[in-house]
Amino acid sequence: MNSSMKYDRVQVALHWVIAALILAMIALGLFMVELPKQSELPPGEESVRAFYFLLHKSLGITAAMLILVRIGWRLTHKAPPLPDTVVKWQQKASSIVHGLLYTLMLAMPISGYLQSMYSKYHTKFWGIELPRLAEANDTMKATFNEVHEVLAFLFIAMIAIHIAAAVKHKLAKSGVIERMTF
Ligand code: HEM
Ligand code: HEM
């Protein structure tokens, strides 16, 4: 494949590292909210909920940093043009889905951080306590909790469409997947 038809190596590396992190974050988020709280456990049993919450927050902030680098890179480096074999409405649909994926990649960590900041617990990044920008507030916490949850399901739907499109291109051997490989 002609190299002008492919994403550059930085974009490819960031796409796959961030994709893996996001899929792991979604699985972790859905898993950890089902874990029992300390108050729901019989005496003597220790809850592992806080451990997974701390992991989710640290991993999420790490992902956010990589996402910012990726967006910075993408704003300064164009996407290669799609082959003419991809019909116009699909080109349009793919740019809408990609735009939504970028928006959600930003909105997820921001809403997650805000709900964490408004809770009574400090937000820690791999053990480092982050500065609190606002006092704990139950109403604000509940609002961002809801926002984070609704956006998570929208994100899952967009990723499902994105992966379904990738599978379709793979089956059709259209050469589109190779654009996002080294
Ligand atoms: C790529 C970024 C992120 C993704 C994809 C993600 C995904 C998710 C998902 C799927 C859930 C479960 C939703 C539910 O059923 O309630 C969740 C919950 C949660 N997330 Fe995130 N998250 C991200 C970033 C963050 C960050 C950066 C923080 C905080 C610093 C955070 C804090 C939380 C908290 C506290 C919950 C539990 C909410 C509750 O108690 O119901 N998330 N996240
Ligand atoms: C295993 C699953 C995945 C596969 C097979 C896959 C495949 C691809 C491919 C082939 C492209 C290039 C499309 C083109 O030719 O223009 C692409 C672009 C993209 N992917 Fe994925 N992807 C996956 C997961 C994800 C995830 C989890 C995200 C996170 C949100 C994501 C976000 C994006 C974005 C934003 C673009 C557009 C890049 C740009 O033009 O700036 N992908 N993906």
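Use the structure listed above.
Residues numbered from 1 in each chain as written. Chains lettered and ligands numbered in written order. Predicted model: local features only at pLDDT ≥ 70, side-chain atom pairs only at ≥ 80, totals over all residues.

**What to know about the packing of helix 2 (residues 49-76) against helix 3 (residues 88-117)**
Reasoning step 1: In the contact formed by helix 2 and helix 3, the axes pass within 10 Å of each other and the chain directions differ by 145°. Seen along the crossing, helix 2 lies across helix 3 with a hand that is left-handed. For the pair helix 2 and helix 3, contact is made by Lys57, Gly60, Ile61, Ala63, Ala64, Ile67 and Ile71 and by Tyr102, Met105, Leu106, Pro109, Gly112 and Ser116, respectively.
Reasoning step 2: Of the residues belonging to the contact of helix 2 with helix 3, the class tally is nine nonpolar, three polar and one charged. (Axes fitted to C-alpha atoms, helices over the stretch in contact; angles between N-to-C directions. Helix = DSSP H or I, 4+ residues; strand = E, 2+ residues; numbered from the N terminus. Left-handed = near helix turned anticlockwise from the far one by under 90°. Contact = placed C-beta atoms within 7 Å. Nonpolar A, V, L, I, M, F, W, Y, C, P; charged D, E, K, R; others polar.)

**What about the site of ligand 2?**
Reasoning step 1: Neighbouring residues of ligand 2: 19 residues in total, closest Ala19, Ala79, His98, Ala166 and Met180.
Reasoning step 2: Breaking the shell around ligand 2 down by element, the ones donating at least two residues are helix 1 (9-32), helix 3 and helix 4 (138-172).
Reasoning step 3: Along the lines of polarity and charge, the residues of the shell around ligand 2 split into 14 nonpolar, three polar and two charged. (Near = placed C-beta within 6 Å.)

**Topic: the site of ligand 1**
Reasoning step 1: Lining the immediate environment of ligand 1, one finds 24 residues, of which Gly29, Lys57, Gly60, Gly112 and Ala152 sit closest.
Reasoning step 2: Secondary-structure elements contributing two or more residues to the shell around ligand 1 are helix 1, helix 2, helix 3 and helix 4.
Reasoning step 3: Broken down by element, the shell around ligand 1 gets its largest block of residues, seven residues, from helix 2.

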